[in-house]
Structure formats: C-alpha cells, structure tokens
Amino acid sequence: MRPPIPAITAPVTRRKLNHYGSAGSRVFDTLNVVLLIMLGLLTILPFIFVIAGSFAHDAEISQRGFFLWPEAATLETYRFVFSTPVFPRALAITIGVTVVGTLVQVLMTFLMAYPLSRRALPGRNMILNLVIFTMVFSGGMIPTFLVVRDLGLIDTYFALFLPLAINPFYLIIVKNFFQELPEELQESARIDGATEVGVFWRIILPLSKPILATFALFYAVGIWNDYMSPLLYINDSTKWTLQMFVRQVTISAEALGNLDPNYVPPAQSLKFAVIVVATLPILMFYPFLQKHFTKGMLIGSVKG
Amino acid sequence: MSTPTISGPRKDAVAPSQRKVSVLTKLNHYKWLYLMLIPGIAYFAVFKYAPMYGITIAFQDYLPFLGYSGSPWVGFKHFQALFSGPDFPRIMGNTLILAALHVLITFPAPIIVALLLNELRIEWVKRAVQSSIYIPHFLGWTIVASLTFLLFGLDPGPITKVASSLLGHQVDFLADPAWFRPLIILQSLWKGTGWGTIIYLAALTGVDPNLYEAARIDGASRWRQMWHITLPAIRSTVVVMAILLAGNLLDTGFEQIYLMMNSLNRSVADVFDTYVYIMGITQGAFSYSTAVGLFKAAIGIVLIFGANWLARKFGQSGLF
Amino acid sequence: MKRRTFLGLSSAATAAALAGCGTSNKTTTSSDLSTLTVMAPVLDVQAPSKDGLLQKAIQEYAGRTLDITWVPNANYTDRLTVTLAGNQLPHLMVVTSKSPTFVRSALAGAFWDLTDRLKAYPNLVAANPDITKNASVNGKSFGVFRLRDPMRTSVTYRNDWLTKLGLQLPKTTDDLYEVAKAFKSLSGGAIIIPKFNGYGNGSPFDIIETWFGAPNGWGERGGKLVPSFDTDEYLEADRWIKKLVDEKLINADFATMDPTKWNDPFVQGKGGIILDTFSRTTQIYGLFKALDATDYGRSVDFTGNLAGPHGMHSYPTIGYNGFIAVSKQSVKTAADLDTVLKFLDTMSAKKGQVLENNGIEGTSFTVDGSYAVFTKGGDADVVNNDVKSFAQLGTNPNGNLYYVTKPANATEQAVYERRLKTQEGDMTSAVQNPANALVSDTYMSKGAQLDQIIGDARLKYFAGQFTQDQYTAEIKRWHTEGGDQVIKEMNELYAK
C-alpha cells in the first residue's frame, strides 16, 4: 500500500514586491543595478574578446591589442576545427562522458549523503571523519593511477568520472542540506509505512531540486573541465576529450620548460577558437538549470 | 518481499541489558541506510584510501621506476630541507599573507554579490548578470594570465595607461612587487566570484518570499529584512564553506601564481606551491612535493577541526 | 518497486565500476617484437590514426607493426612519471629531456646503455660527435638522441627601417648598438625581449653574453671548468646590456612581457630587432607576408651571430631534443635489443627519414630537385598532418637526409639559402658547453634554485634594482648556497 504523501504545493511565484519607498532604499537599488551591470560587463567582455579573436586573422590579433570585433572576420579557423574528424568526435565524447558521469556522481553523492544526514545512525561520525580526512590527505597521482590501472579502467571512459565520483566537499554540503529539511515530513512518511529508500526517493529528492541542480552543475563542470584524468588514463587518441585540445593549444611554452625547437606554436586564432568550442556547451548548461533556482521552491511543503 | 515498516518508537524495545542483541537490531533497523552507503563507502575505500600509501614517499627518495618498495628511505630529510631552507620563512610568509587576503576578500565576495543579486528587483538584469558572471570560471589560468598581460602590461596596456595618468607616474603592474598581490586577488575575484555565488543563491531559494512581505508589513527596513531573513538563510552555508576553506588555507593555486611570477616580483610571489615546483623539477621531485603536501594537509586538518569546533561553539552545526 | 530499481541501479553502478569493462592491460612479457610499443609526445592538436596511410607505409617499410600511444605534450612528463611507476614501459619511449628523473631512472637500470652498441648500426652513428657528447649522461648514452639544428641563432630586423635610415645589416655588437639607436629615434623602440625564466636557456641575454666571449654555461679557464658568470667577459656583456636598457634600446618590460606575444611589438612597429632563432625569423616573415603578400621581403631581414669586442663567438644549441630510450624491462635480452635497434637504424636510413619527415612520395608530396613539394587535398592532407607527429619519432643521428620543404617563392628561396650559409659559417665559431654531458648530483638536486639566483639577479641588475656590487654579491650567494659544490663535482667529472 502506498503511503500517502503530503502534497507539495506548486512553487510560489514571486509576487512583484512593491516599491519600498524610502529614499535610501532607492539609492541602494540604483547603485546595486549599476554595480551588478558593471560586474556583468567585466566578466563577459573578455570572453567576447576571445570569441572575436577566434574569428580574426592572426596578423590582426598581433596588431591590435584588445578588441571586441574583428576588422576582417574569417571562418577559416572554425572551418579547420570542424573539418578534422577529431574535434566533433571529442565534443561528442566529452558531452557523453559529462552526462553519464554527472548522473553517476550525483547519484552516488546523494545516496551517500542521505544516510549520513541521519544523526542517529551508528558509525556516522566515524564515516564522516574518514570523509573529511580525504579532503586534505591524498595518496597522490601515482598511487591513484595504479589503482585505476589495476581495476582495468585504463583507456575506458569510466576512468574519466569514477576516480572523482564523490567530492567530499559536496558530500558534506548536501548532507547538511538534508539535515535542515523539516523532520516532520520524513516522520509522517515513516509512520505511514515508507521505507528509508522510499522516504529518500519520494520526499527528500523532490525537495532537493535546487541542490540537485547546483551539484549537477558543479559535477558536470568538474568533469567537463578535467584534463588530468584523460591525460593520465586515456591512451587511445580517438578517445580524447575537448580539454586535451585546450591544453595543447593554450599551454605556454614557458610552463612546459623544454619545448622542441621544431615546434611551431598554433595560430592565436586557433587558441581562441578551441577555447570557444570547449567552453560554450558547458556555459549553456547553467541558464538551463536556472529555472530551478527560483525562490520559494521548498515552501508550501510543510504547510500541507 | 515484505516491506519492513519503520514506524515510531519500537513496540518491542529491547532491554538495555541485552546489549549485543541491541547492536544488531540497531543495524537491522537502519539496514536500508547502510545499503545506501555501500556505493559511497566502496568509492572512498577504493579511490581514496587504497592510494593513501602514496603518502609514504614523503619519507623516501622516491623514483617512479624503483617504485614504493625499491626507493630508498630517508626519514625526515625532506621536511628538514623544507624547514631549514633559507627561503622557508619568506615562502611561509607569502603563503600566509595571500591566504589571509583570500579569507578577507575572495571568500566574502561571492556572498556579498549573491546578496546583492538577491536584492535586485529587475528580473532581466538579474538573469543577465547571473548568466555572465560565472563565465570566467571556465577560462583556464593561462588565458587569464594572457588577458592580464594584455590589459596590465607596460606597453599597450590600457589599464596601465589609465593608472599611470591617475597616479602621475609610470606604473609597472607586472614587475612591481607591490602590485603582485592586488593583481592576484583581482584575478581570483574575477574568476571565482561569479561561480561562488551559485551555492549561496541556491541556499537563498529556500527563503519564503512571504516572510519579506510579512516583515515589510511589520515595518521592517530593508536592512533589517536582510539581517533577520536573508542572512540567517545562508548562515549555515557560509559556515560550512568557511570551514572547508580553512582546510585548504595554504593552497594558493600553482598555475595562477606561476604565470604571474617573474624575476622582479619573486620575493613576494613565491609561495609553497611554486617553491615546490622549482624544487620539484630536480631530484627528489615527488618525495619533496609529497612531503610539502603532507605538511599542508596536516595543518589543514587541524584547521578544519578547529574551525568546526569554533562553529559549534557559536551554535552552528558545522560539518557534523 | 521503485526502491528496488534504485538499489539495483546503485549496486550495478558499483559492480560495473569495480569490474570495469576496460581493455586488458598490455603485457609485455613475450619476446615477440613484431609489434613495437611506442610512447611519443604529440605537439599538434591531432594524433595520427593507427589506420592512417602514413603509419601503414612506415609499418610496411620497417617490417613490423607499431602500437603508438600519442600523448599530448602539454603534460608529457606526468605521463612519463606514471608510466615509469606503473612498470609497464613500452619498448620505445620518447624522453623529451635529460631530466633528473630520466637520469636517475636510467642509472637505476630502466633503460639500456647504448654507448658502445650504437656503432654497430651505420645509421645510428652520429655525424656530429659533439651532439653525442651533449646528449650523454657523464659519457653514457641512454638512448638515441633526436637530431635538431645545431645552430639556430638569428637576429631579425625591420629591413624597411634599415633602408630608410641608410644602414647596413650589423656585423658586430657595436654595429648593433648603432642600429638600435637609429631604430629608437625612428620608432621609439629597438630590441624586443620578453620574459625568460631562469638562465642558460637561450634567452637574448645568454646569446649576447656568448658573443662577448663568455662561456656558454660552463667553460674551461686555466684548465678548470668555471660557470660563465664567473668570467670577466660575462660581466662586460651585462654592463653593455644594462647600457642598452638604460638608453631604452631594449623594451622596458623585458622582465614581464608575455613570451607568446614576442612577435607582436615587431609587427606593430614598436621595435625592430629580435634576437632569437630562425624559427622566429620564419614566423615574422610569415606575419608580414600575411599583411603584404608581394613586398614583404623588403620589410624583414636577418643576420646570424654577431662579433663581439673579442672576436666571433656563436651561440649554438645542444643539437638534440630528447632521446628515444629502450626499456630494459620490456626489451629483455641483447638479441631483442638488437632487433629494436635495427628498427631505429632502418628508420634513420634515407627512406625511413623521408617517410617520417616528408610523407609518402607521390601521394602526399613530390620531389623537386632536392626539395619536397607538398600536395594538397584529400589523403595528402591527412598524411601531411600525420607527418608532423611521426617526425617526433625520428632520430636521424646520421644527419638529416630527408627533403627540405621547397620555399614558396624566390624571396623565401633566397632566405633559405642565406640561412644555410649563415648557420654553416657560425658553426665554425660555436661555443660548446662542456658541461652538457656532465651530470652533477648537487646540480640535480639544487640546480633549478641555483639557476634562479643568477637569472633573477641578472634581471634585477638590468632593471636597476641591483647595483653592480649587489649583482656580484648575488653571484657569490650562488657559490655559497651550493654552487661551490657543483663546481667541485663538475670538475671531478670533467677530469675523467
């Protein structure tokens, strides 16, 4: 018999709050808008420069310093990027790994966070201590590599998200979030006969939409931006991800230290184009999730 | 499969004298929770704890080819080298100063911006700003450094020109040690603030808009509304983030510093991570950097538990 | 129902994770060398496909299959590290530099000592014994080095400015000074120098110091090895450089300028002299060509090394970039080693070199006299791309026997021929660094820090933060903080 679940009311749409009236308040509002718009510009303009540079000729990039619109635009760089089989393939691979990886990581994190949010659970503190320990202590690159290798995960896509499946920081934050959810809901569900898993699945998760969205985003970005894992664990060049390319074209000769004298550095416009191709897809993920960040999503659930 | 019901107080509560049975019953009581823990625990066991033996190379002169069993043991040699090196006090000082600046400036910035965004009434501005401020997070440090050189460089740097005319003398942002820390903090702010607001904005979604309405009706000013409604909503998130920051206090980020460091500002720029890099591209690389990492981690764990204890004293739940 | 799916999902995920569905580990226990495993860095954005035409052609020529793991060079050293730690070394490994990790591993037995074996293979005998010396570890060769141009130093000028000012190409450092002064009056800048970390890495400062007669890194003075900064010529050179800095003949941001943008001020007309390599000269020609396809030859010109106040001294390169090392673990016996070396020998023969550096004759390029002309379109493009990576596998100790790319037009032809002559001429006065072959223990553990002391002090002196006395005091600090120990060890090794 299905336990009755208190209805969760629809998210309350934010009523447009009336103008407050005080002069100080209005000044604050204006300043706030101005400041935030400036912040928005400050953060988007350099990216526009990168985009503009990707459409420009190298000679122009050398000649002008910082610009927002190329004088002589060219599609040559993008044509090159998409004509090779490598980039589209890397794009597809990166998207695939990110989607699957994020699902796995979010699932594992939330699954572990819930039991740990129950204070009465025996052994909970010990487990938490062990988790916190791993936040600062780590065996290092080589032993982790050896473990991955011994599990047979070298050259598989699993190696791109399993070694980092649960971020202890995130785990703690999610756990804390669960702890703050009203106890009454869970209690009433249990009284009505729901199992722990049931409570988790039917009560906790739906209430966690903003948190789910947040950490889906964080994990997705983590996988997307990770270049160390593919570098260490992927041998087959047909399995390269986008970040391998970004590192290849943007790494400075300085940091490398010993560069082959025969090395011809990539065209500057190629650097920019690769960055754009590697960044735009993940950038679009956040606006996608933004609707889950509307206020008052949780409200109403306790009232019923 | 019958569904075990977990109801209120157990009707068949066991007497305390039968302890052994009680433990097992407890485990049984929570068995679904333990089951849910299995994947997570497996993960930590395999990917976090199994490789932990790697820490031991801090006490060896590790050579990858010789492996963990083949590399010679040197005890505390690397730690001695670290602490007795003539540069250590300077490195420690630089790292601590940068850490302090991060705590005072880079940490609160996303909180403030999140609060400001929360106060915005105009939806389209809010959405637009939210969509752009996190973009810098995606640009790697190489690009950030490149942009910094472009804008703050001596010759064509537009910002240098403006600053020089404002201050009346030629400013050399990139070479002058006095400007190094401000530039680093500026870069960190630019790159990290937008991204940092996300977690706080998520926390703010838990606030009932009706509370504001009610407060307004009661005559509360905007400031009081923020103080009594908004801030408490993110307080626990801020505390957790602060504790977590404490654990990584000495991490300054290698790449960012290394790209901005040069011969003229090295005296203020050199921090643990870059120092280790220079020491590390020579013999004893892995062992030395692991030793330093161990040192940082030891301090980090003390700070984490210390900060957590502090948070508990102030009535917050901290990490537990 | 849902609950069970849930648990099912999570346990499945765990199981899958633990069981893994990866490819089996490559074991290299067999002595079957019909397939050689190779690890090499790839500098380009794409790695060759193993089914590519070029790989097939090379495999056919060499008579064995190649299993190549292409690693992006951005973090090749990390890959090298885990490979060494993982004890599953491929048969052949490209080692990009004589890093302490490589040296220690080689001395610990990771790689075969090829010192006395190479002479049995005609194509692996070095045409230039200096390079073998440079590439050795205290005299031992732990791999076959990859040949690179031994002399690359070039000074690039704005030729149109020279013409306008009625000046000739400089031949001496005094000439350079005059030209620089004239350039400054024309455009406000002269010599462009970007940020270089450390010391002894081919920066314009190192080049100038060599021109003045200072040793290249280390030199013999009175029968003993001394570091270059202990010589009078070195300080003389630095004083001259400081004069140029003070007179604003070198860009003021020489300590901070982004090295990836070295060409920009030149193109923008903010300076007209660059001291670097011929690669830079080629790049600049290319940039000016993009701006003006017909007349660009008039805007750029170059010379090789210049004569200093004590005669002609040229700054050479070490002549190689890394090695191909043979793993002792996977190539177990001397007979196996012979097979592997024969493979490298075959690849260094003319036909092998052509495959690795030019491509497939007829398909991807045609021969025109002594040059190669690259074909475009379809298969040729793929091969031409792959060639860039396969060139990384080439060693060519016996000299470059492949075809040089045909210059695109008469201007570039003239440039190429003049460049060859300049390089040849400069080689006669090349100042080699006898310490290239020597590996001192203290230098291995403290070298980077010590180099930094000199590099920083030098720049601070130029920038005016140090007086000459403070500069020499810093050099003294190099000595006391380990430098003296290095000198001692170097001399002991040198005496052998």
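The model shown is predicted, which means the values in this text are computed figures rather than measured ones.

On to the overall build of chain B, then. When helices and strands are tallied, chain B shows 16 helices and zero strands. Here chain B has a C-alpha radius of gyration of 26 Å; the compact-globule value for 320 residues is 20 Å, and the former is much larger. C-alpha atoms of chain B, sized along the principal axes, occupy 80 × 70 × 35 Å. Relative to its full complement of 320 residues, chain B shows a buried share of 55%. Across chain B, the fraction of contacts at a sequence separation of at least 24, relative to all contacts at a separation of at least 6, is 64%. As displayed, chain B has an accessible area near 13,900 Å², and 68% of this comes from carbon and sulfur atoms. Here chain B contributes 23 positively and 15 negatively charged side chains, and the mean placements of these two sets differ by 13 Å.

All right, on to the nonpolar core then. Phe178 and Phe215 of chain A are the most contacted members of the largest nonpolar core, which totals 227 residues. Both of domain 1 (9-64) and domain 2 (80-298) of chain A provide at least three residues apiece to this core. Look past the residues within four positions of phenylalanine 215 of chain A in its chain and what remains in contact with it is Val106, Phe110, Tyr170, Ile173 and Val174 of chain A together with Ile199 of chain B. Among the nonpolar cores identified, the runner-up in size contains 56 residues, and Ala180, Leu244, Leu249 and Leu493 of chain C belong to it.

It is worth spelling out the packing of helix H8 (residues 141-152) of chain B against helix H10 (residues 177-204) of chain B at this point. All names here are of chain B. Running from N to C, H8 and H10 cross one another at 125 degrees; their axes reach a closest spacing of 11 Å. When the interaxial angle is binned, H8 and H10 end up oblique. When the axes of H8 and H10 are compared, the crossing they make is right-handed. The residues of H10 that touch H8, namely those facing Trp141, Val144, Ala145, Leu147, Thr148 and Phe152, are Leu183, Leu186, Gln187, Ser188, Trp190 and Lys191. In the contact of H8 with H10, the residues fall into eight nonpolar, three polar and one charged.

Residues and elements named next belong to chain B. Running from N to C, helix H12 (residues 222-247) and helix H16 (residues 285-313) cross one another at 155 degrees; their axes reach a closest spacing of 7 Å. Between H12 and H16, the interaxial angle falls into the category roughly antiparallel. Classified by chirality, the crossing of H16 by H12 is right-handed. Together, Val239, Ile243, Ala246 and Gly247 of H12 and Gly300, Leu303, Ile304, Ala307, Asn308 and Ala311 of H16 make up the contact between the two elements. Taken together, the residues of the contact of H12 with H16 sort by class into seven nonpolar, three polar and no charged.

Considered as a void within the structure, the second largest pocket measures approximately 1,000 Å³ in volume. Lining of the second largest pocket is provided by 47 residues; of these, Leu154 and Asp155 of chain B together with Asn251, Ala252 and Asp253 of chain C occupy positions nearest its centre. Of all the secondary structure elements, the ones that give two or more residues to the lining of the second largest pocket are helix H2 (58-63) of chain A, H8 of chain B together with helix H7 (173-187), helix H10 (263-268) and helix H16 (441-463) of chain C. The leading source of residues in the lining of the second largest pocket is H10 of chain C, at three residues. Its residues placed into classes, the lining of the second largest pocket shows 24 nonpolar, 12 polar and 11 charged.

Attention shifts here to the interface of chain B and chain A. Taken residue by residue, the interface counts 95 residues in chain B and 109 residues in chain A. Approximately 9,100 Å² of surface area, both sides summed, lies buried where chain B meets chain A, with 72% of it carried by carbon and sulfur atoms. Where chain B touches chain A, the interface holds two salt bridges. With its nearest N and O atoms 3.3 Å apart, the salt bridge here joins arginine 247 of chain A to glutamate 255 of chain B. Scanning the region where chain B abuts chain A turns up 19 residue pairs in polar contact (both at pLDDT 80 or more). For the side of chain B that touches chain A, the leading source of residues is helix H2 (residues 31-49) of chain B, giving 14 residues. Split into classes, the residues belonging to the side of chain B that touches chain A amount to 63 nonpolar, 20 polar and 12 charged.

Across the contact, 38 residues belong to chain C and 37 residues belong to chain B. Summing both sides of the interface, chain C and chain B together bury roughly 3,500 Å²; the carbon and sulfur share of this comes to 60%. In terms of surface lost to chain B, no three residues of chain C exceed Arg104, Thr256 and Gln449 of chain C, which account for 17% of the buried area on that side. Scanning the region where chain C abuts chain B turns up one salt bridge. Measuring nitrogen to oxygen at the nearest pair gives 2.6 Å for the salt bridge that ties arginine 266 of chain B to aspartate 456 of chain C. At the junction of chain C and chain B, the tally comes to five residue pairs in polar contact (both at pLDDT 80 or more). Secondary structure elements with two or more residues in the side of chain C that touches chain B: helix H1 (2-19), helix H3 (76-86), helix H4 (100-107) and H16 of chain C. The element best represented in the side of chain C that touches chain B is H16 of chain C, accounting for 11 residues.

Moving on to the sheet that holds strand S4 (residues 144-147) of chain C. All names here are of chain C. Strands sit in the order S2-S1-S3-S12-S4 across an open sheet of five strands; the sheet is mixed. One side of each edge strand has no neighbouring strand; the edge strands of this open sheet are strand S2 (65-72) and S4. The average angle at which neighbouring strand axes cross in this sheet is 25 degrees, direction not considered. Where S4 meets strand S12 (residues 320-326), three bridges bridge the pair, whose relative direction is antiparallel. When the bridges of S12 are listed, phenylalanine 145 appears paired with phenylalanine 323. Its contacts with the sheet put H3 on strand S1 (35-42), S2 and strand S3 (92-95), and the angle it makes with S1 is roughly 145 degrees.

What follows is about the pairing of S3 of chain C. All names here are of chain C. The alternating pattern of S3 places Leu92 and Val94 and Met93 and Val95 on opposite faces, both of which are buried. Of the pairings in the sheet, the one linking S1 to S3 comprises two bridges and is parallel in character. What sits directly across from methionine 39, in S3, is methionine 93. Inspection of the sheet shows S3 paired to S12 by four bridges, in the antiparallel sense. Bridge pairing in S12 links valine 94 to isoleucine 324.

A word on the pattern of salt bridges. A side chain of one charge can pair with a side chain of the opposite charge if their charged atoms are brought near each other. All chains considered together, the criterion is met by 35 salt bridges over all chains. In this structure, the salt-bridge partner of aspartate 160 of chain C is arginine 158 of chain C, at a minimum N-O distance of 2.9 Å. Note on aspartate 160 of chain C: relative accessible area 27%, which makes it partly exposed. What you see here is one network of salt bridges that share partners, running through Arg118, Glu183, Glu187, Arg190 and Glu196 of chain A.

Counted according to the given criterion, the structure contains 12 cavities of 30 Å³ or more. In this structure, the largest cavity spans a volume of roughly 300 Å³. Lining the largest cavity are 23 residues, and of these Lys271 of chain A, Thr142 and Ser146 of chain B together with Asp258 and Thr260 of chain C sit closest to its centre. Counting only elements with at least two residues in the lining of the largest cavity, the list comes to helix H1 (23-54) and helix H14 (268-283) of chain A together with H8 of chain B. Here the lining of the largest cavity takes seven residues from H8 of chain B, the largest share from any one element.

Parameters at a glance
- Residues numbered from 1 in each chain as written.
- Chains lettered and ligands numbered in written order.
- Predicted model: local features only at pLDDT ≥ 70, side-chain atom pairs only at ≥ 80, totals over all residues.
- Heavy atoms only, no water.
- Helix = DSSP H or I, 4+ residues; strand = E, 2+ residues; numbered from the N terminus.
- Rg over C-alpha atoms; globule rule 2.2 N^0.38 Å.
- Buried < 20%, exposed > 50% of the residue type's maximum accessible area, 1.4 Å probe, protein only.
- Contact = heavy atoms within 4.5 Å.
- Areas by Shrake-Rupley, 256 points an atom, 1.4 Å probe, with all protein chains shown as cover.
- Lys, Arg positive; Asp, Glu negative; His and termini not counted.
- Charge placed at Lys NZ, Arg CZ, Asp CG, Glu CD.
- Core = buried A, V, L, I, M, F, W, Y, C linked by side-chain atoms within 4.5 Å.
- Domains from an automatic or database assignment.
- Axes fitted to C-alpha atoms, helices over the stretch in contact; angles between N-to-C directions.
- Parallel < 35°, antiparallel > 145°, perpendicular 65-115°, else oblique.
- Left-handed = near helix turned anticlockwise from the far one by under 90°.
- Nonpolar A, V, L, I, M, F, W, Y, C, P; charged D, E, K, R; others polar.
- 1 Å grid on protein atoms, 1.4 Å probe; cavity = no way out; pocket = protein on both sides within 12 Å on 5 of 7 lines; lining within 4 Å.
- Points joined across faces, edges and corners; volume = space filled by probe spheres on them.
- Buried area = accessible area lost by both parts, 1.4 Å probe.
- Salt bridge = Lys/Arg side-chain N within 4 Å of Asp/Glu carboxyl O.
- Polar contact = N/O pair within 3.5 Å; in protein donor to acceptor, adjacent residues only side chain to side chain.
- Pairing = 2+ DSSP bridges.

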